[in-house]
Amino acid sequence: MPDDLLRYDGRVAVVTGAGHGLGRSHALLLAERGAKVVVNDLGGALDGTGASAGPAAEVAELIVKNGGEAVANGDNVATPEGAEAIVRQAVDTFGQLDIVVNNAGILRDRSLGKISVEDFDAVLAVHVRGSFLVTRAAYPYMKERGYGRIVNTSSPAGLFGNFGQANYSTAKMGLVGLTKSTAIEGARSGILANAIAPIAWTRMTESLLPPEFEAKFGPETISPLVAYLVHESCATSGEVFSVGAGRVARVFVAEGPGWSSDDLSIEGIAANWDQIVAEQPYLQPTEIGKQATASLQAMLKP
Ligand SMILES: NC(=O)c1ccc[n+]([C@@H]2O[C@H](COP(=O)([O-])OP(=O)(O)OC[C@H]3O[C@@H](n4cnc5c(N)ncnc54)[C@H](O)[C@@H]3O)[C@@H](O)[C@H]2O)c1
């Protein structure tokens, strides 16, 4: 084995939703490289109904069979008790928690006119509240040891929008906000947080993607990025990366140069619309204070 492989010996990871698809692949890769892994999965259907201990147990058993260390957890990330139990199991079993990969997710696709409040809430509960709850439960342990790596799972559907996914897109863009604020708050405690926006062939997408995608878009094409982002040598935080079929790219939120007036009016906005929507030169504030300062400086310009 080459000795320049990035490894995770001595690190403890929680991967949520690791019974299938992307989470399973992340858990297998981290364990293969030496991490001790809590394999969480509620084991329900794609729409979040039902539960089974089977998928998490199967992945944990496979890791152990391959010579790694793992335990299965069947808790629900979307409840405070479930999220706390996942983190407690990591600490009770392996003594610490260094890595959280918030990956659990469900789908309830409907067009905007047909979507029920229940379908909206259920999707937000797993993706947004689940990621928040697991992060919140892990945070004090990471803070105490001055070390943590968190990856949240966003989606191109949230970053760029998609027909029939108002609930899912809302949740996935919400995770960008969670990631950025976690990164800002965690910085002083050595806690880094990033998000990925993947595209891969899993049970979630097999009916949506063209069949020829199956060979090139396997879950194993996503996990190396997740693993890199949770490695101790990675210093990046607060960023979002799209990843699929072997390509990785940074996605960033930027603000155009804008147009300012001391006497903003509807007509002034209409007359200067081209400048308002211009993209160059863009600003990339790393926190709200920097964005506000840039706006203020533009206003104060003679
Ligand atoms: N596959 C893609 O192309 C794609 C694209 C963008 C984002 N994502 C995101 O990646 C993540 C993984 O999706 P996937 O494609 O591997 O789908 P998947 O259905 O194979 O995996 C999701 C897993 O999450 C588990 N889960 C659901 N609700 C849970 C809960 N409340 N608590 C614990 N576990 C729960 C499921 O049982 C399932 O095993 C999701 O967050 C998904 O939204 C996937």
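Residues numbered from 1 in each chain as written. Predicted model: local features only at pLDDT ≥ 70, side-chain atom pairs only at ≥ 80, totals over all residues. Heavy atoms only, no water.

Undergrad: Whenever I open this one, the overall build of the protein confuses me. Can you help?
TA: For the protein, the count of helices and strands is 10 helices and eight strands. Its C-alpha atoms give the protein a radius of gyration of 21 Å, near enough to 19 Å, the size a compact globule of 302 residues would have. Oriented by its inertia axes, the alpha-carbon framework of the protein measures out at about 70 × 45 × 40 Å. The proportion of buried residues among the 302 residues of the protein is 45%. As displayed, the protein offers around 15,200 Å² of accessible surface, 55% of which is attributable to carbon and sulfur atoms. The centroid of the 24 positive side-chain charges in the protein is displaced by 3 Å from the centroid of its 33 negative side-chain charges. (Helix = DSSP H or I, 4+ residues; strand = E, 2+ residues; numbered from the N terminus. Rg over C-alpha atoms; globule rule 2.2 N^0.38 Å. Buried < 20%, exposed > 50% of the residue type's maximum accessible area, 1.4 Å probe, protein only. Areas by Shrake-Rupley, 256 points an atom, 1.4 Å probe, with all protein chains shown as cover. Lys, Arg positive; Asp, Glu negative; His and termini not counted. Charge placed at Lys NZ, Arg CZ, Asp CG, Glu CD.)

Undergrad: Looking at this model, I keep getting lost on helix H1 (residues 21-32). Mind explaining?
TA: In an α-helix, one turn spans 3.6 residues; hence positions three or four apart end up facing the same way. Relative to the 16 Å expected for 12 residues at 1.5 Å per residue, H1 spans 17 Å between its end C-alpha atoms, a close match to the ideal helical length. Within H1, the full set of buried residues consists of Leu22, Gly23, Ser25, His26, Ala27, Leu29, Leu30 and Ala31. Lining the buried residues of H1 we find strand S1 (12-15), strand S2 (36-40), helix H2 (54-65), strand S4 (99-102), strand S6 (191-198) and helix H7 (223-229). With its phi angle positive at about 105°, glycine 34 sits one or two positions after the end of H1. (Expected span 1.5 Å × (residues − 1). Contact = heavy atoms within 4.5 Å.)

Undergrad: What is the right way to read the site of the ligand from this model?
TA: Contacts to the ligand come from 31 residues, most closely from Asp41, Asn76, Tyr168, Thr202 and Arg203. Histidine 20 places a side-chain nitrogen or oxygen 2.9 Å from an oxygen atom of the ligand. One of the side-chain nitrogen or oxygen atoms of aspartate 41 is found 2.5 Å away from an oxygen atom of the ligand. Going through the elements one at a time, H1, helix H4 (117-145) and helix H6 (166-186) are the ones with two or more residues in the shell around the ligand. Taken together, the residues that form the shell around the ligand break down as 12 nonpolar, 15 polar and four charged. (Near = heavy atom within 4 Å. Polar contact = N/O pair within 3.5 Å; in protein donor to acceptor, adjacent residues only side chain to side chain. Nonpolar A, V, L, I, M, F, W, Y, C, P; charged D, E, K, R; others polar.)

Undergrad: In this structure, what is going on with the packing of aromatic side chains? I would like to understand it.
TA: A ring pair, where both rings are aromatic, is described by two values, the distance of the centres and the angle of the planes. The full count for this structure, using the stated rule, is two aromatic pairs. Relative to phenylalanine 217, the ring of phenylalanine 213 lies with its centre 4.4 Å away and its plane at 10°, an arrangement referred to as stacked. Overall, the relative accessible area of 14% leaves phenylalanine 217 in the buried class. (Phe/Tyr/Trp six-rings, centres within 6.5 Å; stacked < 30°, edge-to-face > 60°.)

Undergrad: Even after reading the chapter, I still don't get the environment of glycine 34, so can you show me in this structure?
TA: Tracing the sequence through the fold places glycine 34 in the loop between H1 and S2. Each C-alpha atom of the pair glycine 34 and glutamate 69 lies 8.0 Å from the other, and the pair is 35 residues apart in sequence. Every residue in contact with glycine 34, bar those within four places of it in the chain, is listed here: Arg7, Tyr8, Asp9 and Gly10.

Undergrad: It is not clear to me how the nonpolar core should be interpreted in this structure. Could you clarify?
TA: For soluble globular proteins, the rule of thumb is that nonpolar side chains tend to be buried together. Core analysis: the largest hydrophobic core is formed by 33 residues, its most contacted members being Val14, Val38, Leu97, Val100 and Val134. Going through the elements one at a time, S1, helix H3 (80-94), H4, H6 and S6 are the ones with two or more residues in this core. Of the residues forming this core, the biggest block, nine residues, is contributed by H4. Beyond its immediate chain neighbours, meaning those up to four positions away, leucine 97 contacts Val12, Ala13, Val14, Val87, Ala90, Val91, Ala138, Met142 and Arg145. Core analysis: the second largest hydrophobic core is formed by 31 residues, Leu29, Val59, Cys234 and Val243 among them. (Core = buried A, V, L, I, M, F, W, Y, C linked by side-chain atoms within 4.5 Å.)

Undergrad: What is the right way to read the domain arrangement of the protein from this model?
TA: Many descriptions give the size of an interface as the accessible area lost when the pieces come together. For the protein, the assigned domains are domain 1 (12-251) and domain 2 (266-300). Placing a centre on the C-alpha atoms of domain 1 and another on those of domain 2 gives a separation of 34 Å. (Domains from an automatic or database assignment.)

Undergrad: I keep staring at the side chain of serine 189 and nothing clicks. Help me out?
TA: With respect to the helices, strands and loops of the structure, serine 189 is situated in the loop between H6 and S6. Those residues in contact with serine 189 that lie beyond four places of it in its chain are Met142, Lys143, Gly146 and Tyr147.

Undergrad: Teacher, can you tell me more about the pattern of salt bridges here?
TA: Note on pairing: side chains with opposite charge can pair once their charged atoms come close. Applying the stated criterion to the full structure yields nine salt bridges. One salt bridge connects glutamate 84 with arginine 136, and the closest N-O pair in it is separated by 3.8 Å. Of this pair, glutamate 84 sits in helix H3 while arginine 136 sits in helix H4, placing them 52 residues apart in sequence. Classification of glutamate 84 as partly exposed rests on a relative accessible area of 37%. The partner of arginine 145 in a salt bridge is aspartate 98, and the shortest N-O contact between them spans 2.6 Å. Taken together, the positions of arginine 145 in helix H4 and aspartate 98 in the loop between H3 and S4 put the pair 47 residues apart, joining distant regions of the chain. The exposure class assigned to arginine 145 is partly exposed, which follows from its relative accessible area of 40%. (Salt bridge = Lys/Arg side-chain N within 4 Å of Asp/Glu carboxyl O.)

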